[in-house]
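# Working through the structure, step by step
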Amino acid sequence: MPKFMKVLYCSQPYPDNFTDKTLFLNALKRNKNLTTYSFWDCMEKGQLPLQQLSCTVTFFLLHFIEPNVSEELLYCMAFITIIGYLAIVGFSFKESRTIILFGGFLFGLSPIIQTLTRTISDDTIYAMASICLAINFILHDYSGQGDYMSKCVSLNAAIFAAVCMASRLNDLNSVIGTIILAILTYGIVPPLRNQIKDSLLMSFCTVVTVISTALISFTFIPLMIIPLIISVITCLLVGPALYVYLQTQKDNIYGPWDEAVLKDLGYTAHNRDISAE
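These notes cover the structure that comes with them. (Residues numbered from 1 in each chain as written. Predicted model: local features only at pLDDT ≥ 70, side-chain atom pairs only at ≥ 80, totals over all residues. Heavy atoms only, no water.)

## Observations concerning the packing of aromatic side chains
- In total, this model carries six aromatic pairs according to the counting rule given.
- Between the aromatic rings of Phe 64 and Tyr 126, the centroid separation amounts to 5.0 Å while the plane-to-plane angle is 50°, which identifies the pairing as tilted. One end of the pair, Phe 64, is in helix α1 (residues 39-65); the other, Tyr 126, is in helix α4 (residues 122-139), and 62 residues separate them in sequence.
- Arranged with centres 6.1 Å apart and planes meeting at 75°, the rings of Phe 137 and Tyr 142 form a pair that is edge-to-face.
- An aromatic cluster of three or more residues is present, and its members are Phe 60, Phe 64 and Tyr 126. (Phe/Tyr/Trp six-rings, centres within 6.5 Å; stacked < 30°, edge-to-face > 60°. Helix = DSSP H or I, 4+ residues; strand = E, 2+ residues; numbered from the N terminus.)

## What to know about a nonpolar patch on the surface
- Taken together, the side chains of Ile 131, Ile 135, Ile 138, Leu 139, Met 149 and Val 153 present a nonpolar region at the surface, about 540 Å² in accessible area.
- Only α4 and α5 (148-166) provide two or more residues apiece to the nonpolar patch.
- Ranked by the residues each element gives to the nonpolar patch, the list is headed by α4, at four residues.
- Position of Met 149 relative to the elements: it lies in helix α5. (Patch = residues over 30% accessible without salt bridge, like charges linked within 9 Å, V, L, I, M, F, W, Y side chains within 5 Å. Areas by Shrake-Rupley, 256 points an atom, 1.4 Å probe, with all protein chains shown as cover. Salt bridge = Lys/Arg side-chain N within 4 Å of Asp/Glu carboxyl O.)

## Notes on the side chain of Thr 117
- Along the chain, the position of Thr 117 falls in the loop between α3 (93-114) and α4.
- For Thr 117, a relative accessible area of 8% corresponds to the buried category.
- Leave out the neighbours within four places in its chain, and Thr 117 touches Ile 125, Cys 164, Ser 167 and Arg 168. (Buried < 20%, exposed > 50% of the residue type's maximum accessible area, 1.4 Å probe, protein only. Contact = heavy atoms within 4.5 Å.)

Next comes the structure, spelled out in structure tokens:
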């Protein structure tokens, strides 16, 4: 019999499902276009969840340690939040109007927030806040390129937790301060952090954040230092080491059985007109 050819333009004495066993695995490729990461690359990426966790722990502890917010501190947090927001979106009349409207709504709704959950027990409120902060940590967009839905759910969960915690406070300044701190921590800091995540400044921010959280935890709740140390080891050592090991176990195969993938060769309508001439 003639040698089998993998073509469609000539008739061959082979069935349609014929496979030449001598050529079948010649085109086999393993881990095609695989991108590998070193341990240091993974450690660098591990800084993002560590910072997010540290900010969340600090935010939660400050609510119990220093629930009363002075007017000076409130104005300072509001000023930092406004500057951070303008650094992200840019200064314009539209953005200035947005800041004024949001500030007006926040000040106007603060009495309602203060009494929103008065009929609910403290245990229920703090359990809900803890669950929402956990949702924020899990769904947070650490790459800066996640889908829109995940970002919205993560941010809304954090703001809802802040509203629940603010409803336990006694004065309006503390209520407003808690909401502003949540916006600063979960709405302003992450986009700014994504802009420096590939620089040495990111490592400096990680060290400052972790040390600050450790000092606050150790000063007021000494036992909190234990899970914090475990978190640091997990994010910077165990996680990266496990990821590097799992890379060696990856074994994707590619061959003639895969679906065809169309490639863009830059053939446009202009090129088609030129070839027609």
